[in-house]
Amino acid sequence: MVATLTLTRPDDWHLHLRDGAAMAAVLPASARQFARAVVMPNLRPPVTTAAQAIAYRERIRAARPAGSSFEPLMTLYLTDDTPPDEIGRARQAGVVALKLYPAGATTNSDAGVTDLRKTRATLEAMQREGLPLLVHGEVSDPDVDLFDREAVFIDRHLIPLRRDFPGLKIVFEHITTREGVQYVQGAGALTAATVTPQHLLYNRNALFTGGLQPHLYCLPVLKAEVHRQALVVAATSGSPKFFLGTDSAPHAVHLKEHAGGHAGCYTALCALELYARVFDAAGALDQLEGFASFHGADFYGLPRNRGTVTLRRERWSVPETVPFGEATLKPLCGGETLDWRLVAD
Ligand code: NCD
Ligand code: ZN
Ligand code: ZN
């Protein structure tokens, strides 16, 4: 049995770092696990301009632990009104992508896009400049069943978007369904997807087992077992179209354990250990490095990292809670025992 696993230093291609004291609380965990992360722009107010992204990047860099070279890769929040000439400024500023939140689909998406047709000129500029579009791929139509919102998004929006912008790089973020997997597999080299630990580890039964489990509530919501299995097959297949994105989305415990509890799982604390659990269970530990360290960088056209991280086969308990500014945070698998542990640097 393999006792240690050494990987090229990985990256997180979908991360919510928040801001202020909350950011200061969660940033060290990501900086320990990853060399770089694509930082989501759904702050309040959202990060919609290159100037705001530069300022946010400086706040993140300033909050890094001493000696850390963790590099935040910035994104802009696409709105109905993002001017096409913001794209050139974004590229100049080192922004790596724009994020599409259909209005009303998820946490802090009220400023999101109400109609993709309004963003045409901006998407054309992105296609020209080679800036990828990252997609929260769910319709927010209240008439569509919650569990079908990803599949309906593909038919209503993704297929037409792909047809209208054949040269645009698209990342279908946090995919959760067999339909999502099949779409990405068939969509050509400019379409890829991130996969979260929670959607690889759990199906929707887990939300309701032993009482309601608010810490497993995220968007898109967990799906049935057939979908989880399709995600595991895709992530462990070695296909360069699938890569690591934790969607780590910290919300204070009191806002999760609450009527109208917030959506998002805090997965960054032991992200690599969680993915290692999935790949180990699938007998595919040899595919973890591609998924975690190569496919994302290759898709974005960024250099692969130098240096390595090492995971050791060792039983350890994930802390039940961790501090989060004035509040606390419950990590995914908090209080549980894991079989893999990231070796301290
Ligand atoms: C994310 C958040 O809290 O920012 N929540 C979530 O459930 N995934 C938003 C998102 O990625 O959709
Ligand atoms: Zn999302
Ligand atoms: Zn997210």
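Structure report, in brief. Please read these numbers as outputs of a predicted model, since none were measured by experiment.

Bringing the site of ligand 1 into the picture now. As a matter of local geometry, ligand 1 sits amid 15 residues, with N42, T106, L219, D247 and H251 nearest to it. At a separation of 3.3 Å, an oxygen atom of ligand 1 approaches a polar side-chain atom of T107. In this structure, A263 approaches ligand 1 through a main-chain N or O atom, which is 3.2 Å from a nitrogen atom. About the coverage of ligand 1: the protein hides 100% of its 320 Å² of free accessible area. Of the residues belonging to the shell around ligand 1, the class tally is 4 nonpolar, 9 polar and 2 charged.

At this site the zinc ion (ligand 2) is bound by H136 (ND1) and H174 (NE2), with donor distances of 2.1 Å. Around the zinc ion (ligand 2), the 4 donor atoms sit at angles spanning 53 to 147 degrees, and that spread fits a shape best called irregular. For the pair the zinc ion (ligand 2) and the zinc ion (ligand 3), the metal-to-metal distance amounts to 3.8 Å. Pair noted here: H136 is in the loop between β6 (133-135) and α5 (149-164) and H174 is in the loop between β7 (170-172) and α6 (178-186), with a separation of 38 residues, a long-range link. Like H174, H136 is buried.

Six octahedrally arranged donors around a metal ideally form angles of 90 or 180 degrees; four tetrahedrally arranged donors ideally form angles of 109.5 degrees. Coordination of the zinc ion (ligand 3) by the protein involves H14 (NE2), H16 (NE2) and D247 (OD), with metal-donor separations of 2.0 Å. Coordination geometry of the zinc ion (ligand 3): the 4 donor atoms subtend angles of 93 to 140 degrees at the metal centre, consistent with an arrangement described as irregular. Each donor residue of the zinc ion (ligand 3) lies on one chain, and together they are spaced H-x1-H-x230-D. For H14, a relative accessible area of 1% gives the class buried.

Pairing is antiparallel across the open sheet formed by 3 strands, whose spatial order is β1-β10-β13. A strand with exactly one partner marks an edge of an open sheet, and here the two such strands are β1 (4-8) and β13 (337-342). Each strand axis lies, on average, 30 degrees off the axis of its neighbour in the sheet, ignoring direction. Inspection of the sheet shows strand β10 (residues 308-317) paired to β13 by 5 bridges, in the antiparallel sense. Looking across to β13, one finds that S317 is bridged to T337. Strands in contact with helix α10 (residues 271-281) are β10 and β13; relative to β13, the strand with the most contacts, it is inclined by about 115 degrees.

Cut-offs used in this document
Residues numbered from 1 in each chain as written. Chains lettered and ligands numbered in written order. Predicted model: local features only at pLDDT ≥ 70, side-chain atom pairs only at ≥ 80, totals over all residues. Heavy atoms only, no water. Near = heavy atom within 4 Å. Polar contact = N/O pair within 3.5 Å; in protein donor to acceptor, adjacent residues only side chain to side chain. Areas by Shrake-Rupley, 256 points an atom, 1.4 Å probe, with all protein chains shown as cover. Nonpolar A, V, L, I, M, F, W, Y, C, P; charged D, E, K, R; others polar. Donors = N, O, S within 2.8 Å, 3.2 Å for Na, K, Ca; no water. Tetrahedral: all angles 85-135°; square planar, octahedral: opposite > 155°, others 65-115°. Helix = DSSP H or I, 4+ residues; strand = E, 2+ residues; numbered from the N terminus. Buried < 20%, exposed > 50% of the residue type's maximum accessible area, 1.4 Å probe, protein only. Pairing = 2+ DSSP bridges. Axes fitted to C-alpha atoms, helices over the stretch in contact; angles between N-to-C directions. Contact = heavy atoms within 4.5 Å.

Shape descriptors only; they carry no functional weight alone.
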